[in-house]
Amino acid sequence: DGGITQSPKYLFRKEGQNVTLSCEQNLNHDAMYWYRQDPGQGLRLIYYSQIVNDFQKGDIAEGYSVSREKKESFPLTVTSAQKNPTAFYLCASSPRGESTDTQYFGPGTRLTVL
Amino acid sequence: AQSVTQPDIHITVSEGASLELRCNYSYGATPYLFWYVQSPGQGLQLLLKYFSGDTLVQGIKGFEAEFKRSQSSFNLRKPSVHWSDAAEYFCAGEVGDYKLSFGAGTTVTVRA
């Protein structure tokens, strides 16, 4: 089955620690995205990548970093500089990264910082 | 600022009744518009999308949406809801900058 996998589903970390969230897709999509979801705020774009070895900041990139070394993988690192990292994180991909593309979402990772 | 607004945070509807979810947009140009649905603890699934042409768009699961330029709206409708329609619904817009802007979402509760 083609799709997007995110692991783990739940993640707990101590304050001050960096943590990396995994996102893998086997849809052969060019573009990938990371969103953060907080109650009552919808989804906010953290980073996006339209092609391997290239990525762009979204609206709330501070305290996060990404890499896109392979087409199918787009890991997100939440650094200790992120002031309020507890949230639900969603990864998505789209075929070409064009405006009319449908974005396909993974099941999400819920990060809790203790 | 370019944005999408969903005025209703929470809507409760009886099973079998009709449903309408509101979405307003604020863009300089006509945006590409999308409706997504999210079941609890899950990712989002596309219901339908509008780019141009016919202003009434049909989607999956019996949903439709109507684009009204004069009202800057893209409201989602379903004639008869099922208990499985209980979820959170997001309207989103994009104006060619490759970045979707999401509304805050509307939670739909379906009562028996």
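Reference entry: report on the structure contained in this document. (Residues numbered from 1 in each chain as written. Chains lettered and ligands numbered in written order. Predicted model: local features only at pLDDT ≥ 70, side-chain atom pairs only at ≥ 80, totals over all residues. Heavy atoms only, no water.)

1. Thoughts on the sheet that holds strand β8 (residues 76-78) of chain A
Residues and elements named next belong to chain A.
Part 1 of the argument: What the four strands build is an open sheet, ordered β1-β3-β8-β7; its pairing is antiparallel. Two strands close off the open sheet at either side, each with one partner strand: β1 (4-7) and β7 (64-66). The sheet shows a mean angle of 20° between the axes of neighbouring strands, taken without regard to direction.
Part 2 of the argument: Two elements, β7 and β8, share three bridges in a ladder whose sense is antiparallel. In the strand pairing of β8, Y64 is matched with V78. (Pairing = 2+ DSSP bridges. Helix = DSSP H or I, 4+ residues; strand = E, 2+ residues; numbered from the N terminus. Axes fitted to C-alpha atoms, helices over the stretch in contact; angles between N-to-C directions.)

2. Some remarks on the pattern of salt bridges
Residues and elements named next belong to chain A.
Part 1 of the argument: Summed over the entire model, instances satisfying the criterion amount to ten salt bridges over all chains.
Part 2 of the argument: K71 serves as the salt-bridge partner of D30, at 3.3 Å between the closest nitrogen and oxygen. Residue D30 is located in the loop between β3 (19-25) and β4 (31-37), and its partner K71 is located in the loop between β7 and β8; the two are separated by 41 residues in the primary sequence.
Part 3 of the argument: A relative accessible area of 26% means that K71 is categorised as partly exposed.
Part 4 of the argument: Close ionic contact of E98 with R96 constitutes a salt bridge, the shortest N to O distance being 3.2 Å.
Part 5 of the argument: Accessibility expressed as a relative area gives 44% for R96, which makes it partly exposed.
Part 6 of the argument: One salt-bridge network, in which partners are shared between bridges, spans R36, D38 and R44. (Salt bridge = Lys/Arg side-chain N within 4 Å of Asp/Glu carboxyl O. Buried < 20%, exposed > 50% of the residue type's maximum accessible area, 1.4 Å probe, protein only.)

3. Overview of the pairing of β4(A)
Residues and elements named next belong to chain A.
Part 1 of the argument: Most of β4 sits inside the fold, with seven of its seven residues counted as buried.
Part 2 of the argument: Of the two faces of β4, both are covered, the one formed by A31, Y33, Y35 and Q37 as well as the one formed by M32, W34 and R36.
Part 3 of the argument: Pairing between β4 and strand β9 (residues 87-94): seven bridges, direction antiparallel. Following the sheet pairing, Q37 is matched in β9 by F88.
Part 4 of the argument: Of the strand pairs in this sheet, β4 and strand β5 (residues 43-51) are connected by six bridges, and their pairing is antiparallel. Bridging across to β5, R36 finds its partner in R44.

4. Quick notes on the nonpolar core
Part 1 of the argument: The biggest cluster of nonpolar side chains holds 26 residues, and the ones touching the most others in it are B:W35, B:L48, B:F74, B:L76 and B:Y89.
Part 2 of the argument: Contributions of two or more residues to this core are made by β2 (10-14), β3 (19-21), β5 (32-38), β6 (44-50), β8 (64-68), β9 (73-78), β10 (87-94) and β12 (106-111) of chain B.
Part 3 of the argument: Here B:L76 is in contact with B:L19, B:E20, B:L21, B:W35, B:L47, B:L48, B:F63, B:E64, B:A65 and B:Y89, once residues within four sequence places are set aside.
Part 4 of the argument: By size, the runner-up hydrophobic cluster in this structure holds 20 residues, among which are A:L11, A:Y64, A:V66 and A:Y89. (Core = buried A, V, L, I, M, F, W, Y, C linked by side-chain atoms within 4.5 Å. Contact = heavy atoms within 4.5 Å.)

5. Considering the interface of chain B and chain A
Part 1 of the argument: With 22 residues of chain B in contact, the opposing surface of chain A contributes 24 residues.
Part 2 of the argument: Between chain B and chain A, a total of about 1,700 Å² is buried, with carbon and sulfur atoms accounting for 54% of that surface.
Part 3 of the argument: The largest per-residue losses of area from chain B upon contact with chain A belong to B:Y98, B:K99 and B:F102, which jointly make up 30% of the total buried on that side.
Part 4 of the argument: At the surface where chain B touches chain A, the tally comes to one salt bridge.
Part 5 of the argument: Linking chain B with chain A are six residue pairs in polar contact (both at pLDDT 80 or more), by the criterion used here.
Part 6 of the argument: Of all the secondary-structure elements, those providing two or more residues to the side of chain B that touches chain A are β5, β6 and β10 of chain B.
Part 7 of the argument: By residue number, the principal contributor to the side of chain B that touches chain A is β5(B), which donates four residues. (Buried area = accessible area lost by both parts, 1.4 Å probe. Polar contact = N/O pair within 3.5 Å; in protein donor to acceptor, adjacent residues only side chain to side chain.)

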